[in-house]
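# Secondary and tertiary structure notes
The lines below spell out each chain.
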Amino acid sequence: MCPFSKRMTSHRILRVNTSMKRFLPLYGLLLVLLAGAMCLPLFPADLPESPAAQETIETGRLPLRAIDLTGVEANNGFSVSAGSAILMDANSGSVLYAQNADMQRGMASTTKVMTALVILEAMSPDTVVEITPEMTGAEGSSLYLQAGEHLTVEQLLYGLMLESGNDAAEALAIACDGSIEAFANRMNARAKSLGLTHTRFANPHGLSASGHYTTARELALITMEALKNELFRTIVSTYRMQIPYQDQPGARYLTNHNPILTKYDGMIGVKTGWTTADGKCFVTAAERDGLTLIAVTLGDTNISSTHTALLNHGFDSFEAVPLPMDTPIRVPLVGGKESFLALEAEPNANGLFVCLPKGERVEVRVETPPFVYAGTERGSSVGRIVFSRKSEELASVQLLTAEEAPVRRLSFWEKLFGAKEE
């Protein structure tokens with residue numbers, strides 16, 4: 001090769017080497033990017049978590065929000081003779097009719113609804129109570145308990161709620177807490193736990209006493225809680241019952257004092273009461289077509305006709321409306337093998353009803369996040385269904401993921417360029 005050719009080749013190599021040196025930083029950056037792409041996560045780590053519903057629904061029976069329906073057209077012109085009265089949906093606590101419902105008044109023997117509730121929560125129905133001298137001789141209606149007798153808590157509860165035995169009330173109170181005063185404190189603590197602020201108990205039977213009062217609204221709420229207990233419902237719906245005497249022939253025959261127990265269609269119970277100071281008091285509960293109503297009157301003259309009118313008004317004007325839970329709901333899925341993830345209402349939501357004026361239907365609003373990340377476990381809460389009436393929320397139900405959402409692993413090129421493999 002001639003000297004000139006050698007010089008030209010050297011010059012070309014030199015120029016190529018110089019060009020390569022100029023691009024070395026770019027090549028290095030590319031190599032770093034390629035190496036880093038191999039370690040890229042499926043999604044950026046600094047993205048915010050998937051949005052979720054703020055409200056957490058309790059387990060067990062779903063809470064329904066109590067609403068005031070006393071202003072609906074169906075109530076126009078309707079009134080009763082009682083000093084205080086209320087008609088309430090036993091499922092949600094929604095008020096369907098009210099008249100002086102927050103006026104503090106004596107409650108007579110309707111006190112025994114709380115007595116029964118507290119005893120059922122504190123003692124086993126099979127517990128045997130030995131009747132002591134201090135448990136006998138109570139004023140007013142009585143089972144005529146005798147010292148030395150042995151009766152079960154359940155038998156005493158029948159005597160309490162059917163025959164309205166004041167001695168049964170005192171026997172249960174003393175057996176539970178050792179004294180009337182201690183048991184009254186338990187009753188007041190239970191009232192406080194229910195959020196009641198205008199109720200106070202001085203005894204377990206309802207004989208007029210200073211500092212012993214409630215309101216129609218709060219007595220209805222006590223009854224609503226008591227009706228959740230199946231034995232309570234069984235006792236107050238019983239018309240006749242007998243309790244044996246100990247070591248004596250014959251038995252005590254108990255008859256329920258509820259005057260419309262066997263006369264009103266759908267009647268469950270609950271309790272009558274009367275004292276000279278308090279007048280006639282009455283609590284009833286009835287059920288028809290899935291709607292359970294509680295009526296309370298304090299200071300009335302004709303409890304039978306008043307409660308028949310109250311309950312008829314409720315069943316004629318309102319109905320139990322089911323909350324629809326079967327609408328298929330899906331939410332976009334990020335990073336999964338599928339594009340969408342199916343959601344379902346929580347299991348406890350099935351068979352949920354709200355009380356509404358006849359002809360009205362609930363409004364349904366679904367709240368879900370804009371997306372859910374793959375890898376979310378089945379049963380995770382990612383939204384809710386909200387049920388409303390005229391924009392007033394009645395209930396909300398959690399939406400749970402109905403299936404697993406496995407992560408779709410990305411290829412090298414998808415991680416780097418976002419392209420899908422063919």
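As a reminder, the structure under discussion sits directly above these lines.
Here is a short report on the structure shown in this document. Remember, it's a predicted structure, so these values are computed and weren't measured experimentally. (Residues numbered from 1 in each chain as written. Predicted model: local features only at pLDDT ≥ 70, side-chain atom pairs only at ≥ 80, totals over all residues. Heavy atoms only, no water.)

What follows is about the sheet that holds strand β16 (residues 381-389). Taking strand neighbours across the sheet as the criterion, the 6 strands line up as β14-β16-β17-β12-β11-β15 in an open arrangement whose pairing is mixed. Strands with a single pairing partner mark the edges of an open sheet, and in this sheet they are β14 (363-367) and β15 (372-373). Pairing analysis gives 3 bridges linking strand β12 (residues 340-345) to strand β17 (residues 392-401), with the strands arranged antiparallel. Bridge pairing links Ala345 to Leu399 in β17. (Pairing = 2+ DSSP bridges. Helix = DSSP H or I, 4+ residues; strand = E, 2+ residues; numbered from the N terminus.)

Now for unusual backbone geometry. Unlike most non-glycine residues, Tyr144 shows phi in positive territory, near 55 degrees. Within the fold, Tyr144 resides in the loop between β3 (128-130) and β4 (150-152). The phi angle at Ser391 is positive, at roughly 70 degrees, despite the residue not being glycine. Note that Ser391 resides in the loop between β16 and β17.

Tallied over the entire structure, the rule returns 15 salt bridges. Between Arg186 and Asp177 there is a salt bridge, with its nearest N and O atoms 2.7 Å apart. Here Glu319 and Arg361 are joined by a salt bridge, their closest N and O atoms 3.2 Å apart. Placement of the pair is Glu319 in strand β10 (residues 318-322) and Arg361 in the loop between β13 (353-357) and β14, with a sequence separation of 42 residues. For Arg361, a relative accessible area of 54% translates into the label exposed. Overlapping salt bridges bring together Arg65, Arg365, Glu367, Arg384 and Glu393 as one network. (Salt bridge = Lys/Arg side-chain N within 4 Å of Asp/Glu carboxyl O. Buried < 20%, exposed > 50% of the residue type's maximum accessible area, 1.4 Å probe, protein only.)

Moving on to the nonpolar core. Within the largest apolar cluster, 61 residues are counted, with the highest numbers of intra-cluster contacts made by Leu157, Met161, Phe232, Ile294 and Val296. Look past the residues within four positions of Phe232 in its chain and what remains in contact with it is Val113, Ala116, Leu120, Met161, Ala226, Leu227 and Val270. (Core = buried A, V, L, I, M, F, W, Y, C linked by side-chain atoms within 4.5 Å. Contact = heavy atoms within 4.5 Å.)

Moving on to the sheet that holds strand β1 (residues 84-89). Taken together, the 5 strands give an open sheet; going across it, the order is β2-β1-β9-β8-β7, and neighbouring strands pair in antiparallel fashion. With partners counted over all chains shown, the strands left at the sheet margins are β2 (95-99) and β7 (267-275), one partner each. Across the sheet, the mean angle separating the axes of adjacent strands is 5 degrees when strand polarity is ignored. Pairing of β1 with strand β9 (residues 291-300) involves 6 bridges; the strand directions are antiparallel. Its bridge partner being in β9, Ile86 is matched across the sheet by Val296. Sheet contacts for helix α6 (residues 216-226): β1, β2, β7, β8 (279-288) and β9; angle to β1, the most-contacted strand, approximately 35 degrees. Where helix α8 (residues 303-317) meets the sheet, it contacts β1, β2, β7, β8 and β9, and its direction lies at approximately 145 degrees from that of β9. (Axes fitted to C-alpha atoms, helices over the stretch in contact; angles between N-to-C directions.)

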